[in-house]
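Listed here are the chains, written in short residue letters.
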Amino acid sequence: MDIVIKSFNRPYYLDRCIQSIYLNSQKRDFSIKILDDGTPQKYLDKLQEKFPEIQIYKSEWYEHKSSFCTVGKKPEIMTIPIDFWVNGTKSVSEYFLLLEDDIWINQKVDFEKMMEEAKSDNVSFLKLFWLGNPKLIQTKSTTKKKEYTLYKPKLYTKYPLLFYIVFYKFDCFKIRKTLRSLKIHTDEKYLSYYSIYSVAGMIFKRDYFLSLWKNHKNTVDENLQLYNSLKHYFKNETVYAHSNSEIVTQGILSAATNQFKNFEGINTDMFLFNKIVNEAWYNNEFDVMKNYPKDLDMDTIEAIIKKENNINLKANQWKEWVLHCKNQYRNFGCIVE
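Residues numbered from 1 in each chain as written. Predicted model: local features only at pLDDT ≥ 70, side-chain atom pairs only at ≥ 80, totals over all residues. Heavy atoms only, no water.

With respect to the overall build of the protein
Argument step 1. When helices and strands are counted, the protein shows 13 helices and 13 strands.
Argument step 2. With respect to the principal axes defined by its C-alpha atoms, the protein has extents near 55 × 50 × 35 Å.
Argument step 3. For the protein, buried positions account for 54% of its 337 residues.
Argument step 4. The contacts in the protein between residues at least 6 apart in sequence include a share of 75% that link residues at least 24 apart.
Argument step 5. Accessible area for the protein stands at about 15900 Å²; split by element, carbon and sulfur atoms hold 50% of it.
Argument step 6. Here the protein contributes 49 positive and 42 negative side-chain charges, whose respective centroids are spaced 7 Å apart. (Helix = DSSP H or I, 4+ residues; strand = E, 2+ residues; numbered from the N terminus. Buried < 20%, exposed > 50% of the residue type's maximum accessible area, 1.4 Å probe, protein only. Contact = heavy atoms within 4.5 Å. Areas by Shrake-Rupley, 256 points an atom, 1.4 Å probe, with all protein chains shown as cover. Lys, Arg positive; Asp, Glu negative; His and termini not counted. Charge placed at Lys NZ, Arg CZ, Asp CG, Glu CD.)

Regarding the nonpolar core
Argument step 1. Grouped together as the largest cluster of nonpolar side chains are 102 residues, with contacts concentrated most on Ile5, Ile32 and Phe286.
Argument step 2. In this view, Ile5 contacts Leu14, Cys17, Ile18, Ile21, Ile32, Lys33, Ile34, Leu35, Leu99, Glu100 and Asp101; residues no more than four positions away in its chain are not counted. (Core = buried A, V, L, I, M, F, W, Y, C linked by side-chain atoms within 4.5 Å.)

As for the pattern of salt bridges
Pairing is possible between side chains of opposite charge, provided their charged atoms come close.
Argument step 1. Across all of its chains, the model carries 12 salt bridges by this definition.
Argument step 2. Where Asp37 meets Lys65, a salt bridge forms, and the shortest distance between an N and an O atom there is 2.4 Å. Of this pair, Asp37 sits in the loop between β2 (31–36) and α2 (41–50) while Lys65 sits in helix α3 (residues 62–70), and the two are 28 residues apart along the sequence.
Argument step 3. For Asp37, a relative accessible area of 6% translates into the label buried.
Argument step 4. Where Asp297 meets Lys290, a salt bridge forms, and the shortest distance between an N and an O atom there is 3.8 Å.
Argument step 5. Given the relative accessible area of 13%, Asp297 is considered buried.
Argument step 6. On the accessibility criterion, Lys290 (43% relative accessible area) is partly exposed. (Salt bridge = Lys/Arg side-chain N within 4 Å of Asp/Glu carboxyl O.)

Some points on the sheet that holds β2
Either a parallel or an antiparallel arrangement is found when strands of a sheet pair, and the pairing is made through backbone hydrogen bonds.
Argument step 1. Spatially, β3-β2-β1-β4-β9-β6-β10-β8-β7 is the arrangement adopted by the 9 strands of the open sheet, whose pairing is mixed. With one partner strand each, in any of the chains shown, β3 (55–58) and β7 (139–144) form the two edges of the open sheet. Pairwise comparison of adjacent strand axes, ignoring direction, gives a mean angle of 25° for this sheet.
Argument step 2. As paired strands, β7 and strand β8 (residues 148–153) are joined by 5 bridges and run antiparallel to one another. What sits directly across from Thr139, in β8, is Pro153.
Argument step 3. Against the sheet, helix α1 (residues 11–24) contacts β1 (2–7), β2 and β4 (95–100), and its axis sits at roughly 165° relative to β1. (Pairing = 2+ DSSP bridges. Axes fitted to C-alpha atoms, helices over the stretch in contact; angles between N-to-C directions.)

Structure, rendered in C-alpha coordinates:
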(Lines give C-alpha, C1' and ligand atoms only; values in the text may rest on other atoms or scores of the structure.)
Protein backbone atom coordinates (compact mmCIF):
# COMPACT_ATOMS: atom_id res chain seq x y z
CA MET A 1 0.00 0.00 0.00
CA ASP A 2 1.21 3.50 -0.78
CA ILE A 3 1.09 6.24 1.85
CA VAL A 4 0.86 9.73 0.36
CA ILE A 5 1.69 12.75 2.54
CA LYS A 6 1.03 16.31 1.39
CA SER A 7 3.53 18.66 2.98
CA PHE A 8 4.39 22.33 3.09
CA ASN A 9 7.04 23.92 5.32
CA ARG A 10 6.43 22.01 8.56
CA PRO A 11 9.18 19.37 8.72
CA TYR A 12 8.74 19.08 12.50
CA TYR A 13 5.18 17.78 12.01
CA LEU A 14 6.21 15.74 8.96
CA ASP A 15 8.92 14.05 11.03
CA ARG A 16 6.32 13.07 13.64
CA CYS A 17 3.95 11.85 10.91
CA ILE A 18 6.59 9.56 9.38
CA GLN A 19 7.80 8.29 12.75
CA SER A 20 4.24 7.39 13.70
CA ILE A 21 3.85 5.32 10.52
CA TYR A 22 6.92 3.21 11.28
CA LEU A 23 6.06 3.00 14.97
CA ASN A 24 2.54 1.67 14.46
CA SER A 25 2.58 -0.36 11.25
CA GLN A 26 2.77 -4.04 12.06
CA LYS A 27 4.37 -4.79 8.70
CA ARG A 28 6.53 -2.57 6.52
CA ASP A 29 4.79 -3.51 3.29
CA PHE A 30 4.21 0.10 2.24
CA SER A 31 5.95 2.97 0.51
CA ILE A 32 5.85 6.60 1.65
CA LYS A 33 5.46 9.27 -1.01
CA ILE A 34 5.91 12.91 0.05
CA LEU A 35 4.29 15.55 -2.17
CA ASP A 36 6.05 18.72 -1.07
CA ASP A 37 5.17 22.27 -2.05
CA GLY A 38 7.90 24.37 -0.48
CA THR A 39 9.72 22.89 2.52
CA PRO A 40 13.29 24.28 2.35
CA GLN A 41 15.79 21.80 0.93
CA LYS A 42 17.97 21.38 4.01
CA TYR A 43 14.94 20.17 5.99
CA LEU A 44 14.03 17.68 3.27
CA ASP A 45 17.64 16.48 3.24
CA LYS A 46 17.49 15.86 6.98
CA LEU A 47 14.26 13.88 6.60
CA GLN A 48 15.68 11.89 3.67
CA GLU A 49 18.75 11.02 5.73
CA LYS A 50 16.61 9.98 8.69
CA PHE A 51 14.16 7.98 6.55
CA PRO A 52 16.08 6.76 3.45
CA GLU A 53 13.09 4.83 2.08
CA ILE A 54 10.81 7.83 1.61
CA GLN A 55 10.27 9.30 -1.85
CA ILE A 56 10.08 13.09 -2.06
CA TYR A 57 8.46 14.87 -5.01
CA LYS A 58 8.30 18.63 -5.49
CA SER A 59 5.62 20.86 -7.01
CA GLU A 60 6.30 23.22 -9.89
CA TRP A 61 6.21 26.14 -7.41
CA TYR A 62 8.66 24.50 -5.03
CA GLU A 63 11.69 26.71 -5.73
CA HIS A 64 9.74 29.95 -5.38
CA LYS A 65 7.91 28.97 -2.21
CA SER A 66 10.90 27.38 -0.47
CA SER A 67 13.01 30.52 -1.06
CA PHE A 68 10.48 32.57 0.91
CA CYS A 69 9.89 29.93 3.58
CA THR A 70 13.64 29.78 4.21
CA VAL A 71 13.56 33.36 5.51
CA GLY A 72 10.16 33.07 7.21
CA LYS A 73 8.12 35.08 4.74
CA LYS A 74 4.91 34.42 2.84
CA PRO A 75 5.66 33.47 -0.80
CA GLU A 76 4.49 35.93 -3.43
CA ILE A 77 2.86 33.04 -5.30
CA MET A 78 0.58 30.90 -3.16
CA THR A 79 -1.03 28.81 -5.90
CA ILE A 80 -2.46 25.58 -4.50
CA PRO A 81 -0.78 22.63 -6.32
CA ILE A 82 -3.88 20.57 -7.05
CA ASP A 83 -2.62 19.19 -10.36
CA PHE A 84 0.53 18.12 -8.52
CA TRP A 85 -1.54 16.26 -5.92
CA VAL A 86 -3.81 14.66 -8.50
CA ASN A 87 -0.98 13.59 -10.81
CA GLY A 88 0.96 12.34 -7.80
CA THR A 89 -1.80 9.88 -6.96
CA LYS A 90 -2.54 8.55 -10.44
CA SER A 91 0.15 5.89 -10.17
CA VAL A 92 -0.26 4.88 -6.51
CA SER A 93 -1.68 1.58 -5.27
CA GLU A 94 -5.38 0.87 -5.81
CA TYR A 95 -5.95 1.72 -2.13
CA PHE A 96 -3.76 4.35 -0.53
CA LEU A 97 -3.54 6.22 2.74
CA LEU A 98 -3.67 10.01 2.37
CA LEU A 99 -2.18 12.12 5.16
CA GLU A 100 -0.97 15.68 5.60
CA ASP A 101 2.19 16.66 7.43
CA ASP A 102 0.29 17.56 10.63
CA ILE A 103 -1.53 14.22 10.86
CA TRP A 104 -0.10 11.15 12.59
CA ILE A 105 -1.09 7.58 13.41
CA ASN A 106 -1.86 7.20 17.10
CA GLN A 107 -2.09 3.40 17.59
CA LYS A 108 -1.00 0.06 16.19
CA VAL A 109 -2.74 -0.81 12.94
CA ASP A 110 -2.51 -3.67 10.47
CA PHE A 111 -2.97 -1.92 7.14
CA GLU A 112 -2.55 -5.15 5.20
CA LYS A 113 -5.58 -6.76 6.88
CA MET A 114 -7.53 -3.54 6.51
CA MET A 115 -6.78 -3.44 2.78
CA GLU A 116 -7.70 -7.08 2.28
CA GLU A 117 -11.08 -6.49 3.92
CA ALA A 118 -11.60 -3.21 2.05
CA LYS A 119 -10.99 -4.93 -1.30
CA SER A 120 -13.37 -7.71 -0.36
CA ASP A 121 -16.11 -5.19 0.48
CA ASN A 122 -15.20 -2.88 -2.42
CA VAL A 123 -14.85 0.05 -0.03
CA SER A 124 -14.12 3.35 -1.78
CA PHE A 125 -13.73 5.59 1.25
CA LEU A 126 -12.43 4.64 4.71
CA LYS A 127 -12.45 7.50 7.21
CA LEU A 128 -9.84 7.23 9.96
CA PHE A 129 -10.73 10.24 12.15
CA TRP A 130 -13.60 12.60 12.81
CA LEU A 131 -12.48 14.51 15.95
CA GLY A 132 -15.16 12.89 18.05
CA ASN A 133 -17.83 14.72 16.06
CA PRO A 134 -20.79 12.50 15.07
CA LYS A 135 -21.94 15.20 12.62
CA LEU A 136 -19.00 14.22 10.40
CA ILE A 137 -20.23 10.63 10.11
CA GLN A 138 -24.02 10.68 9.90
CA THR A 139 -25.38 7.23 9.11
CA LYS A 140 -28.64 5.48 8.30
CA SER A 141 -27.28 2.04 9.12
CA THR A 142 -23.99 0.40 10.07
CA THR A 143 -22.34 -3.01 9.95
CA LYS A 144 -19.39 -3.46 12.28
CA LYS A 145 -16.57 -5.64 11.00
CA LYS A 146 -13.22 -6.62 12.46
CA GLU A 147 -11.17 -3.86 10.82
CA TYR A 148 -13.80 -1.13 10.37
CA THR A 149 -17.50 -0.30 10.28
CA LEU A 150 -19.43 -0.14 7.02
CA TYR A 151 -22.13 2.51 6.87
CA LYS A 152 -24.78 4.01 4.65
CA PRO A 153 -24.54 7.81 4.85
CA LYS A 154 -27.50 9.82 6.07
CA LEU A 155 -27.61 12.91 3.86
CA TYR A 156 -30.07 15.76 3.50
CA THR A 157 -30.34 14.81 -0.17
CA LYS A 158 -28.52 12.35 -2.39
CA TYR A 159 -29.43 14.34 -5.49
CA PRO A 160 -26.45 16.40 -6.72
CA LEU A 161 -28.58 19.16 -8.25
CA LEU A 162 -30.41 19.83 -4.99
CA PHE A 163 -27.14 19.85 -3.06
CA TYR A 164 -25.75 22.27 -5.64
CA ILE A 165 -28.66 24.66 -5.16
CA VAL A 166 -28.92 24.48 -1.36
CA PHE A 167 -25.30 24.18 -0.24
CA TYR A 168 -23.12 25.27 -3.14
CA LYS A 169 -24.52 27.63 -5.78
CA PHE A 170 -25.83 30.30 -3.42
CA ASP A 171 -23.01 30.10 -0.93
CA CYS A 172 -22.09 33.77 -1.39
CA PHE A 173 -25.54 35.26 -1.93
CA LYS A 174 -28.30 36.55 0.33
CA ILE A 175 -30.50 33.62 -0.58
CA ARG A 176 -28.37 31.56 1.81
CA LYS A 177 -29.85 33.53 4.75
CA THR A 178 -33.34 32.68 3.55
CA LEU A 179 -32.49 28.99 3.26
CA ARG A 180 -31.06 29.05 6.77
CA SER A 181 -34.07 30.88 8.20
CA LEU A 182 -36.29 28.16 6.71
CA LYS A 183 -33.94 25.52 8.19
CA ILE A 184 -33.37 24.09 4.73
CA HIS A 185 -29.68 24.84 5.09
CA THR A 186 -28.25 24.00 8.52
CA ASP A 187 -24.74 23.26 9.72
CA GLU A 188 -25.71 19.70 10.65
CA LYS A 189 -27.18 19.02 7.21
CA TYR A 190 -24.13 20.49 5.51
CA LEU A 191 -21.65 18.60 7.71
CA SER A 192 -23.39 15.31 6.85
CA TYR A 193 -21.65 15.44 3.46
CA TYR A 194 -18.31 14.99 5.20
CA SER A 195 -19.55 11.44 5.72
CA ILE A 196 -18.54 10.88 2.09
CA TYR A 197 -15.55 13.21 1.82
CA SER A 198 -12.46 14.22 3.78
CA VAL A 199 -9.40 16.30 2.93
CA ALA A 200 -6.98 13.76 4.44
CA GLY A 201 -6.75 11.16 7.21
CA MET A 202 -8.38 8.69 4.86
CA ILE A 203 -7.82 5.48 2.99
CA PHE A 204 -9.10 6.08 -0.52
CA LYS A 205 -9.73 3.82 -3.43
CA ARG A 206 -7.68 5.59 -6.07
CA ASP A 207 -10.46 6.03 -8.64
CA TYR A 208 -12.78 7.51 -6.02
CA PHE A 209 -10.16 10.03 -4.93
CA LEU A 210 -9.47 11.13 -8.50
CA SER A 211 -13.19 11.59 -9.17
CA LEU A 212 -13.39 14.15 -6.35
CA TRP A 213 -11.12 16.57 -8.19
CA LYS A 214 -12.94 16.84 -11.49
CA ASN A 215 -13.24 20.42 -12.79
CA HIS A 216 -11.07 21.74 -9.95
CA LYS A 217 -9.50 24.61 -12.00
CA ASN A 218 -6.49 24.44 -9.66
CA THR A 219 -8.51 26.01 -6.86
CA VAL A 220 -9.32 24.39 -3.54
CA ASP A 221 -13.09 24.40 -3.24
CA GLU A 222 -14.36 21.91 -0.69
CA ASN A 223 -17.94 22.45 -1.84
CA LEU A 224 -16.86 21.21 -5.27
CA GLN A 225 -15.27 18.12 -3.71
CA LEU A 226 -18.45 17.48 -1.72
CA TYR A 227 -20.50 17.94 -4.89
CA ASN A 228 -18.26 15.55 -6.81
CA SER A 229 -18.41 12.97 -4.03
CA LEU A 230 -22.21 13.14 -4.08
CA LYS A 231 -22.28 12.71 -7.86
CA HIS A 232 -20.14 9.60 -7.46
CA TYR A 233 -22.47 8.28 -4.75
CA PHE A 234 -25.54 9.02 -6.90
CA LYS A 235 -24.15 7.23 -9.96
CA ASN A 236 -22.35 4.31 -8.30
CA GLU A 237 -22.85 1.81 -5.53
CA THR A 238 -20.21 3.51 -3.43
CA VAL A 239 -19.24 1.69 -0.21
CA TYR A 240 -18.22 3.78 2.81
CA ALA A 241 -16.51 2.78 6.04
CA HIS A 242 -14.85 4.27 9.09
CA SER A 243 -12.30 2.77 11.44
CA ASN A 244 -13.74 1.37 14.66
CA SER A 245 -11.77 3.98 16.58
CA GLU A 246 -10.00 7.13 15.45
CA ILE A 247 -6.55 5.88 14.46
CA VAL A 248 -5.09 9.19 13.31
CA THR A 249 -4.80 12.56 15.02
CA GLN A 250 -4.46 16.06 13.57
CA GLY A 251 -2.23 18.72 15.06
CA ILE A 252 -3.74 22.09 15.96
CA LEU A 253 -0.72 24.01 17.24
CA SER A 254 0.26 25.64 13.96
CA ALA A 255 -0.87 26.26 10.40
CA ALA A 256 0.94 25.97 7.09
CA THR A 257 -0.16 29.46 6.00
CA ASN A 258 -1.66 32.66 7.40
CA GLN A 259 -5.17 31.67 6.39
CA PHE A 260 -6.16 31.96 10.06
CA LYS A 261 -3.63 34.64 10.96
CA ASN A 262 -5.92 36.94 12.88
CA PHE A 263 -8.31 35.84 15.62
CA GLU A 264 -9.90 38.88 17.24
CA GLY A 265 -6.78 40.94 16.70
CA ILE A 266 -4.29 38.20 17.55
CA ASN A 267 -1.55 38.56 14.98
CA THR A 268 0.55 35.40 14.66
CA ASP A 269 2.58 35.07 11.47
CA MET A 270 2.75 31.35 10.73
CA PHE A 271 5.55 31.72 8.20
CA LEU A 272 7.75 33.29 10.86
CA PHE A 273 6.53 30.79 13.46
CA ASN A 274 7.37 27.84 11.22
CA LYS A 275 10.83 29.20 10.38
CA ILE A 276 11.69 29.46 14.08
CA VAL A 277 10.31 26.04 15.00
CA ASN A 278 11.78 24.45 11.85
CA GLU A 279 15.24 25.68 12.83
CA ALA A 280 14.89 24.35 16.37
CA TRP A 281 13.87 20.97 14.93
CA TYR A 282 16.76 21.05 12.43
CA ASN A 283 19.26 21.75 15.22
CA ASN A 284 17.88 18.84 17.29
CA GLU A 285 16.49 21.16 19.96
CA PHE A 286 12.96 19.84 19.55
CA ASP A 287 11.81 16.25 20.23
CA VAL A 288 8.68 15.98 18.07
CA MET A 289 7.63 12.72 19.77
CA LYS A 290 7.46 14.27 23.21
CA ASN A 291 3.85 14.15 24.41
CA TYR A 292 2.96 11.64 21.64
CA PRO A 293 0.30 10.46 20.79
CA LYS A 294 -1.13 13.80 21.89
CA ASP A 295 -0.17 16.98 20.03
CA LEU A 296 3.29 18.51 20.22
CA ASP A 297 4.52 19.68 23.61
CA MET A 298 3.39 23.30 24.01
CA ASP A 299 5.93 24.08 26.74
CA THR A 300 8.75 23.12 24.38
CA ILE A 301 7.41 25.35 21.61
CA GLU A 302 6.88 28.22 24.04
CA ALA A 303 10.50 27.91 25.19
CA ILE A 304 11.69 27.94 21.56
CA ILE A 305 9.76 31.14 20.84
CA LYS A 306 11.03 32.85 24.00
CA LYS A 307 14.62 31.85 23.25
CA GLU A 308 14.37 33.31 19.74
CA ASN A 309 13.12 36.60 21.26
CA ASN A 310 11.76 37.91 17.97
CA ILE A 311 9.76 41.10 18.39
CA ASN A 312 7.33 39.90 15.70
CA LEU A 313 6.40 36.63 17.42
CA LYS A 314 5.34 36.48 21.05
CA ALA A 315 4.66 33.24 22.90
CA ASN A 316 1.54 34.56 24.63
CA GLN A 317 -0.01 35.61 21.30
CA TRP A 318 0.76 32.20 19.80
CA LYS A 319 -0.93 30.48 22.77
CA GLU A 320 -4.00 32.68 22.31
CA TRP A 321 -3.98 31.82 18.60
CA VAL A 322 -3.96 28.10 19.49
CA LEU A 323 -6.90 28.57 21.87
CA HIS A 324 -8.96 30.36 19.22
CA CYS A 325 -8.06 27.71 16.65
CA LYS A 326 -9.20 24.93 18.98
CA ASN A 327 -12.41 26.82 19.73
CA GLN A 328 -13.18 26.93 16.00
CA TYR A 329 -13.22 23.13 16.01
CA ARG A 330 -15.20 22.97 19.25
CA ASN A 331 -17.85 25.28 17.83
CA PHE A 332 -18.53 22.64 15.15
CA GLY A 333 -18.88 19.91 17.76
CA CYS A 334 -15.35 18.52 17.57
CA ILE A 335 -13.44 17.27 20.60
CA VAL A 336 -9.90 18.64 20.93
CA GLU A 337 -7.59 18.45 23.93
